[in-house]
Amino acid sequence: MSGSAKYPKTKRGEATRNKILEAAEREIGGKGFSDASISSITTAAGVGQGTFYIYFDSKEEILRALVTNYSKTIRHILTEAASSGATRLEKERLGLKAFIDYVRKDNNFYLIVHEAMFIDPEAYEQYYLQFSHAYTHRLNEACAEGEIKKLDTEVCSWALMGMGEFMGYRYGILDQETPSEQVVDAVFEMIEYGMRLK
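Predicted model only: the values in this text are computed from it and were never measured. (Residues numbered from 1 in each chain as written. Predicted model: local features only at pLDDT ≥ 70, side-chain atom pairs only at ≥ 80, totals over all residues. Heavy atoms only, no water.)

## Description of the packing of aromatic side chains
Stage number 1. Enumeration according to the criterion identifies twelve aromatic pairs in this entry.
Stage number 2. With centroids separated by 5.6 Å and ring planes inclined at 45°, the aromatic side chains of phenylalanine 52 and phenylalanine 56 adopt a geometry described as tilted.
Stage number 3. Residue classification places phenylalanine 52 among the buried positions, given a relative accessible area of 0%.
Stage number 4. On the numbers, 4.8 Å between centres and 85° between planes, the contact of tyrosine 127 with tyrosine 128 is edge-to-face.
Stage number 5. Linked through ring pairs, Tyr70, Phe99, Tyr102, Phe109, Tyr110, Tyr124, Tyr127, Tyr128, Phe131 and Tyr169 together constitute an aromatic cluster.
Stage number 6. The ring centre of phenylalanine 131 lies 6.0 Å from the NZ or CZ of arginine 75, which sits over that ring.
Stage number 7. The ring centre of tyrosine 171 lies 5.0 Å from the NZ or CZ of arginine 170, which sits over that ring. (Phe/Tyr/Trp six-rings, centres within 6.5 Å; stacked < 30°, edge-to-face > 60°. Buried < 20%, exposed > 50% of the residue type's maximum accessible area, 1.4 Å probe, protein only. Lys NZ or Arg CZ within 6 Å of the ring centre and 35° of its normal.)

Next comes the structure, spelled out in structure tokens:
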């Protein structure tokens, strides 16, 4: 990764940096990385271009910062949602619903993270690896506590992440009308009982 984020030392600086990040999220999320410019980001943020460079070296760096923010935000949302679940399966159910509901509120998420696949492959890779690492750890705990059967937890973490990602795209962006509870019920019918005829 090139460049390094410059973190403000004052509350005012932090507020300015956050304002630039929020504008970048709207600009890149709305137009795509190529069509968004530093000029359009600073105009949307109501700051000068010189102010942008106090906090970021480039448009690529602000994209990286957005992906990092999404990673932290989504992991926090999923952890909070899952915290009321008594079992691993209940936690999975609550987490998936929270993710779909989150995507319905923030459609910029998919475009920004997927733009990173081409603009900053390392940031894109780290986004998913961090999720998988935490996910695998939680599945290992559930296996050890006898909540779920013994399985390849790393493979399962990626399978569940992939399922969540496409459920979020289909029912968070393309279809916002179907109740998220209905979607989650269908997914967990498959997770709990599989596809084999009984």
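## A few points about the state of the cysteines
Stage number 1. The tally for this structure, following the rule as stated, stands at zero disulfides.
Stage number 2. No disulfide involves cysteine 143; its sulfur sits 7.9 Å from the nearest other cysteine sulfur, which is in cysteine 156.
Stage number 3. The class for cysteine 143 is buried, based on a relative accessible area of 8%.
Stage number 4. By relative accessible area, which is 24% here, cysteine 156 ends up partly exposed. (Disulfide = S-S within 2.5 Å.)

## Regarding the pattern of salt bridges
Stage number 1. Here the structure, examined in full by the defined rule, presents seven salt bridges.
Stage number 2. One salt bridge in this structure joins arginine 64 and aspartate 120, with 2.5 Å as the shortest N-O distance. Taken together, the residues arginine 64 in helix H4 (residues 59–82) and aspartate 120 in the loop between helix H6 (108–119) and helix H7 (121–144) connect sequence positions 56 residues apart. Accessibility classification places arginine 64 together with aspartate 120 in one group, the buried group.
Stage number 3. The salt bridge partner of lysine 97 is glutamate 181, with a shortest N-O separation of 3.7 Å. In this pair, lysine 97 is assigned in helix H5 (residues 88–105) and glutamate 181 in helix H9 (residues 180–193), connecting sequence segments 84 residues apart.
Stage number 4. Taking the relative accessible area as the measure of exposure, lysine 97 reaches 23% and is therefore partly exposed. (Salt bridge = Lys/Arg side-chain N within 4 Å of Asp/Glu carboxyl O. Helix = DSSP H or I, 4+ residues; strand = E, 2+ residues; numbered from the N terminus.)

## Observations regarding the confidence of the model for the protein
Stage number 1. For the protein, mean pLDDT is 93; residues scoring 70 or higher make up 97% of the total.
Stage number 2. H6 is the least confidently modelled element of the protein, averaging 93 in pLDDT, while helix H2 (residues 38–45) averages 97, the highest of any element. (pLDDT = per-residue confidence, 0-100.)

## Thoughts on H6
At 3.6 residues per turn, the α-helix brings residues three or four places apart onto the same side.
Stage number 1. With twelve residues, H6 extends 16 Å from end C-alpha to end C-alpha; this agrees with the ideal 16 Å at 1.5 Å per step.
Stage number 2. Those residues of H6 that sit buried are Phe109, Tyr110, Ile112, Val113, Glu115 and Ala116. (Expected span 1.5 Å × (residues − 1).)

## Thoughts on the environment of valine 184
Stage number 1. By the element assignment, valine 184 lies in helix H9.
Stage number 2. According to the relative accessible area criterion, valine 184 is buried, its value standing at 3%.
Stage number 3. Residues valine 184 and glutamate 92, spaced 92 residues apart in sequence, show a C-alpha to C-alpha distance of 9.6 Å.
Stage number 4. Ignoring anything within four residues of it in the chain, the contact list for valine 184 reads Arg93, Leu96, Lys97 and Ile100. (Contact = heavy atoms within 4.5 Å.)

## Describing the packing of helix H1 (residues 11–31) against H4
Stage number 1. Close contact between H1 and H4 brings their axes to 10 Å; oriented N to C, the two are set at 95°. Here H1 lies roughly perpendicular to H4, going by the angle between them. Contact with H1, carried on its side by Arg17, Ile20, Leu21, Ala24, Glu25 and Ile28, involves Ile62, Leu63, Ala65, Leu66, Asn69 and Tyr70 of H4 and no other residues of that element. (Axes fitted to C-alpha atoms, helices over the stretch in contact; angles between N-to-C directions. Parallel < 35°, antiparallel > 145°, perpendicular 65-115°, else oblique.)

## Regarding the nonpolar core
Stage number 1. Membership of the largest hydrophobic core comes to 39 residues, with the highest contact counts inside it found for Ile20, Ile28, Phe56, Ile62, Phe109 and Tyr127.
Stage number 2. Put simply, the parts of the chain that give this core at least two residues each are H1, H2, helix H3 (49–55), H4, H5, H6 and H7.
Stage number 3. Ranked by residue count, the leading element in this core is H7, at eight residues.
Stage number 4. If we skip the residues at most four places from it in the chain, tyrosine 127 touches Val67, Tyr70, Ser71, Ile74, Phe109 and Val113.
Stage number 5. By size, the runner-up hydrophobic cluster in this structure holds seven residues, among which are Met167, Val184, Val187 and Phe188. (Core = buried A, V, L, I, M, F, W, Y, C linked by side-chain atoms within 4.5 Å.)

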